[in-house]
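Topology and contacts: notes
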Amino acid sequence: MSLTVTNLTVRYGGREVLRDVGFALEPGAFCGLIGANGSGKTTLLRTILGFETPSAGRVERDGTVGYVPQKLQIAADMPVRARDLVALGLDGHRLGFSWPSAGRRRRVEEMLASVDALAFADQRVGELSGGQLQRVLIAHALVSGPKLLLLDEPLANLDLRAAAEIVALLKRVAGQGVTVLISAHDMNPLLGAMDRLVYLANGRAASGRTEQVVRTEVLSELYGYHIDVIRVHGRILVVAGNAEAHHHHDHDHVAAIP
Amino acid sequence: MFDSLMFGGFLASTVVQNALLIGAAAAVLSGIVGVFTVLRGQSFAGHALADVSSAGGALSLLLGINPMLGFFGLGLLGALGLTGRRRGDGDLAAGILLGTGLGLTALLLHFAVTMRGVAGAAVSVMFGSLFAAPPGAGVLAFFAALAGILLLALIYKPLLLASLDSELASVRGANIRLVAGVFLVLLALAVTLSAMAVGAILSTALLIGPAAAALRVSRRPWVAMLLAALFGVACCWGGVALAYASYDWTPGRVWPVSFFITSLVLLVYAAASWRRQ
Amino acid sequence: MFAPYLLNAWVVASLVAVASGCAGFFVVCRRESFAAHALPMAAFPGAAAAALFGLGQVYGLVVAALGGVALLLWLKRGQRSDAATALLLVALLALGSLFLSLSGRYADSVYALLFGQIFAVGPGDVLPALVLGLAVPAVLLSGFRPLLLSALSPDLAMVRGIGCTRIEILFLSVLALAAALALPVTGALLVFSLMTGPASAACIMVRSPRAALALSVALALALIWQALALSYLTSWPAGFFTGVLAALLYLAPRIWRTARPAPRSPGLA
């Protein structure tokens, strides 16, 4: 397993943000971390990264981890090109002034090529579009060769096409043996690619293989109202049904799915 | 000038009377305008106006006119610049552009010293010189403060509405831009009087301190304005009295009035904040 | 202009420019303009206290500027309001004015410490300036990548095991040293201009971080040399030229860019 989360509980000032969360991902898994805003997705990612200390349970990671934050808060004028950001992924933690080296430059160039970012490699990071920035951030996270890639809402604020391209890129990454854990509030863009799903609601998690979870009866139970799973042109689509037609379930009763 | 301080009672001295009058005028107007400055989140604008107006103070020393005119003239110019500024330009732009104003101050102070032989020009403009103010300055400051209060009374309602909720104010048909413009003029006037009292770079203390302390005690605008004015006057007069007394502490070396006033303002603010907790 | 007795001024001013150019680059990238504004103010009473107690000015400056770092961190940790911050800064200036007043050299010192007195640099100032002027760029250059990465995203830095608080404290301390070094030359009120004017111009003019850092240093050197030369020729104060030239440096590339829109697509703002 490249990531095992066991009985994880995280508290902020007395409030339980995550309760008894557990799941495991094998190498090369493409896992969606699905939940509404405020359901604890970011806290779970931050705990896996080691930024937060759990009050119970543990996280076991095999190998290094790459991380893609939701956004960078930088000025458009900041003199950092896409290629500089990727290079910082290689040795951004090192002290000492680095002189440009051919090997380093080649490594960055290959990484940029593998995420189709060569076209805007010399643009300032602050001037990139949302989709372009996500590619560069993914390259930054991957260039040091991690075994696990965590992404915090990378598809938020992207248009449909850019989102589909990012998902395809991540699928390729997973195909090379990197475990991908991607958080999203909308699972639809991920449905064609993810093979595992962790659903978070009110700090509790349900997880399983995608085809086990993405079924009308399971999702309706999880969301607390009727969800339709529609198959069209060989693809799957999840839509909310008539909320009045189905009684609200208490989210606390979400059960782990085998 | 300190002869008049040494001999005769504290209140009998015309220099002291002048200082007390300027201090009170500055404190009352700054306290009242300061409440709106804090409510509107324009502390930085007050600071910027003070930096710009310091060039005016230096200019009036060079020209030999009443420093109040110089402070106010450049303060108005600064206010004009602030209305023209786009929102969100950031501290960086403002700080660098203010650098030209401060550079100009450096130049004019240099001229004041070299061409007119004004001793202590930098001190009196930047750190104030309440005891060296021209004799009529107290009366002029009094009328300036009165004019400022009347102007504030004219725009009081729309200003209060705009300070608390600008969207609501514009829905109600208030001319937000006009009100904001008039308020900047008032701010320039308050900064001018404060600069007379404690100097240009310390004027923020008198403008923001009593008002912020008063708002910690009460959020009701009327009460806050009254308290801010009271706090300010107390600090100014206390500062003048302490400076007067300090003349005996270290013979030959002066304790600046503005140091006492600024310290008292900081104390009042700390006390108000502490009380709140 | 290059008479032997002015050599000290040129050497010290150049060291100041190199340190300020380096520090300014990170001030702009890390958006620490408030610290660049506040730390010289914090250093001001230190110089004044040194004058009062007859100590070396540079020691007073360094100690007070480092004390200013502690104050900044305290203000940041407690999420103090703008009013509290502004009042504290003003109180520091007032404290400086008290020390200067008690030292008996009020008038001259106030001008010198607020607006700088570049030609008053003596031979005794060269050694401390050399130490600080080399230490500041050395530390900043060796921390180049972590400083840049944590400016881009604290989270990305933390993933790579960089302690952001430690980096912040380190940077602010170095910035304080740079401010202490620059204060006697540019004055407390114009340190900000020397640091951020050249750096913000450089950040607009080039896109690569290394090139921007180098350009920032070069522009700071050009600025201080010009200010020195113009001040010598006109006998006007160098602070005036520093303030005006820094603003010109800030504005010129921005006006140039607005006048000639770049051909590439703008992307997301």
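Residues numbered from 1 in each chain as written. Chains lettered and ligands numbered in written order. Predicted model: local features only at pLDDT ≥ 70, side-chain atom pairs only at ≥ 80, totals over all residues. Heavy atoms only, no water.

Remarks on the interface of chain A and chain C
- Counting residues at the interface gives 39 residues for chain A and 35 residues for chain C.
- In this assembly, chain A packs against chain C so that about 3,300 Å² is buried in total across both faces, 58% of it on carbon and sulfur atoms.
- Taken as a group, Pro79(A), Leu88(A) and Phe97(A) account for 18% of the area that chain A buries against chain C, more than any other trio of residues on that side.
- Along the contact surface separating chain A from chain C lie four salt bridges. (Contact = heavy atoms within 4.5 Å. Buried area = accessible area lost by both parts, 1.4 Å probe. Salt bridge = Lys/Arg side-chain N within 4 Å of Asp/Glu carboxyl O.)

A short note on the confidence of the model for chain B
- Per-residue confidence for chain B averages 87 on the pLDDT scale, and 94% of its residues sit at or above 70.
- With pLDDT under 50 throughout, residues 1–7 of chain B is counted as low confidence; its partners more than four residues away or in other chains account for 13 contacts. (pLDDT = per-residue confidence, 0-100.)

A look at the arrangement of the chains
- In this assembly, two pairs of chains are in contact, and the pair contributing the most contacts is chains B and C.
- If you take every C-alpha in chain A and every C-alpha in chain B, the smallest gap between them is 11 Å, and the two do not touch.

Some details on the sheet that holds strand β4 (residues 56–61) of chain A
Residues and elements named next belong to chain A.
- Taken together, the three strands give an open sheet; going across it, the order is β2-β1-β4, and neighbouring strands pair in antiparallel fashion. The sheet terminates laterally at β2 (15–25) and β4, the two strands that pair on one side only. Direction aside, neighbouring strands of the sheet carry axes that sit 20° apart on average.
- Judged from the five bridges that link them, strand β1 (residues 3–12) and β4 form a sheet pairing that is antiparallel. Looking at the pairing, Thr6 lines up with Arg58 of β4. (Pairing = 2+ DSSP bridges. Helix = DSSP H or I, 4+ residues; strand = E, 2+ residues; numbered from the N terminus. Axes fitted to C-alpha atoms, helices over the stretch in contact; angles between N-to-C directions.)

Looking at the sheet that holds strand β7 (residues 179–184) of chain A
Residue and element names in this part refer to chain A.
- Pairing is mixed in the open sheet, where six strands are placed in the order β5-β6-β7-β3-β8-β9. Of all the strands in the sheet, the pair left with one neighbour each is β5 (65–68) and β9 (204–209). With strand direction ignored, the average angle separating the axes of adjacent strands in the sheet is 15°.
- Two elements, strand β8 (residues 196–201) and β9, share six bridges in a ladder whose sense is antiparallel. Bridge pairing links Arg196 to Arg209 in β9.

Considerations on the layout of surface pockets
- Looking at the second largest pocket, its volume works out to about 720 Å³.
- Every residue lining the second largest pocket is counted, 35 residues in all, and those nearest its centre are Gly120(B), Ser124(B), Gly128(B), Ser129(B) and Ala132(B).
- Listing elements by their share of the lining of the second largest pocket, those giving two or more residues are α3 (43–63), α4 (67–84), α6 (121–127), α10 (176–198) and α13 (257–276) of chain B together with α5 (106–115) of chain C.
- Take the lining of the second largest pocket: its biggest share by element is four residues, from α6(B). (1 Å grid on protein atoms, 1.4 Å probe; cavity = no way out; pocket = protein on both sides within 12 Å on 5 of 7 lines; lining within 4 Å. Points joined across faces, edges and corners; volume = space filled by probe spheres on them.)

Some thoughts on the environment of Ala51(C)
All names here are of chain C.
- Topologically, Ala51 is positioned in helix α2 (residues 33–53).
- Along the chain, Ala51 and Pro137 lie 86 residues apart, while their C-alpha atoms are 28 Å from each other.
- Every residue in contact with Ala51, bar those within four places of it in the chain, is listed here: Leu100 and Ser103.

Observations concerning the interface of chain B and chain C
- Each partner contributes residues to the interface: chain B has 42 residues there, and chain C has 45 residues.
- For the pair chain B and chain C, the summed buried surface comes to about 3,600 Å²; carbon and sulfur atoms form 81% of the total.
- Taken together, the links from chain B to chain C amount to zero salt bridges.
- The tally of links from chain B across to chain C stands at three residue pairs in polar contact (both at pLDDT 80 or more).
- If you list the elements that add at least two residues to the side of chain B that touches chain C, you get α5 (90–116), α6, α11 (203–217) and α13 of chain B.
- In terms of residues, the side of chain B that touches chain C owes the most to one element, α5(B), which gives 17 residues.
- Residues of the side of chain B that touches chain C, tallied by class, amount to 26 nonpolar, 13 polar and three charged. (Polar contact = N/O pair within 3.5 Å; in protein donor to acceptor, adjacent residues only side chain to side chain. Nonpolar A, V, L, I, M, F, W, Y, C, P; charged D, E, K, R; others polar.)

Description of the pairing of β5(A)
Residues and elements named next belong to chain A.
- Burial along β5 is two-sided: the face carrying Val65 and Tyr67 and the face carrying Gly66 and Val68 are both buried.
- Pairing analysis gives four bridges linking β5 to strand β6 (residues 148–151), with the strands arranged parallel. Among the inter-strand pairings, Val65 is bridged to a residue of β6, identified as Leu148. (Buried < 20%, exposed > 50% of the residue type's maximum accessible area, 1.4 Å probe, protein only.)

Considering helix α4 (residues 130–142) of chain A
Residues and elements named next belong to chain A.
- Its 13 residues place the ends of α4 18 Å apart at the C-alpha level, agreeing with the 18 Å of an ideal helix rising 1.5 Å per residue.
- In terms of residue burial, α4 counts as a mostly covered element, since eleven of its 13 residues are buried.
- Those residues of α4 that fall on the buried side of the exposure criterion are Gly131, Leu133, Gln134, Arg135, Val136, Leu137, Ile138, Ala139, His140, Ala141 and Leu142. (Expected span 1.5 Å × (residues − 1).)

As for a nonpolar patch on the surface
Residue and element names in this part refer to chain B.
- Taken together, the side chains of Leu21, Val139, Phe142, Phe143, Leu146 and Leu150 make up a nonpolar region of the molecular surface, amounting to roughly 550 Å² of accessible area.
- When residues in the nonpolar patch are grouped by element, the largest group, five residues, is from helix α7 (residues 137–154).
- Along the chain, Leu150 turns up in helix α7. (Patch = residues over 30% accessible without salt bridge, like charges linked within 9 Å, V, L, I, M, F, W, Y side chains within 5 Å. Areas by Shrake-Rupley, 256 points an atom, 1.4 Å probe, with all protein chains shown as cover.)

Digging into the packing of aromatic side chains
- Evaluated as defined, the whole model comprises 21 aromatic pairs over all chains.
- Judged by centre distance (5.8 Å) and plane angle (15°), the rings of Trp255(B) and Phe260(B) are stacked. Each member of the pair, Trp255(B) as well as Phe260(B), carries the same accessibility label: buried.
- Between Trp236(C) and Phe241(C) the ring centres are 6.2 Å apart and the planes differ by 15°, which places this aromatic pair in the stacked class.
- Taken together, the ring pairs in this structure connect Phe36(B), Tyr156(B), Phe183(B) and Trp222(B) into an aromatic cluster.
- Its guanidinium or amino end placed over the ring of Phe183(B), Arg40(B) lies 4.9 Å from that ring's centre, counting from NZ or CZ.
- Taking NZ or CZ as reference, Arg30(C) lies 5.3 Å from the ring centre of Phe171(C), over its face. (Phe/Tyr/Trp six-rings, centres within 6.5 Å; stacked < 30°, edge-to-face > 60°. Lys NZ or Arg CZ within 6 Å of the ring centre and 35° of its normal.)

Considerations on the pattern of salt bridges
All names here are of chain A.
- Summed over all chains, the structure comprises 24 salt bridges over all chains.
- Note that Arg81 and Asp122 form a salt bridge whose closest N and O atoms lie 3.8 Å from each other. With Arg81 in the loop between β5 and α2 (82–91) and Asp122 in the loop between α3 (102–114) and α4, this pair connects stretches of sequence that are 41 residues apart.
- We note a salt bridge from Asp116 to Arg135, for which the minimum N-O separation is 4.0 Å. Highlighted residues: Asp116 in the loop between α3 and α4 and Arg135 in helix α4, separated in sequence by 19 residues.
- Salt bridges here are not isolated pairs; linked through shared partners, they connect Arg81, Arg83, Asp84, Glu109 and Asp122.

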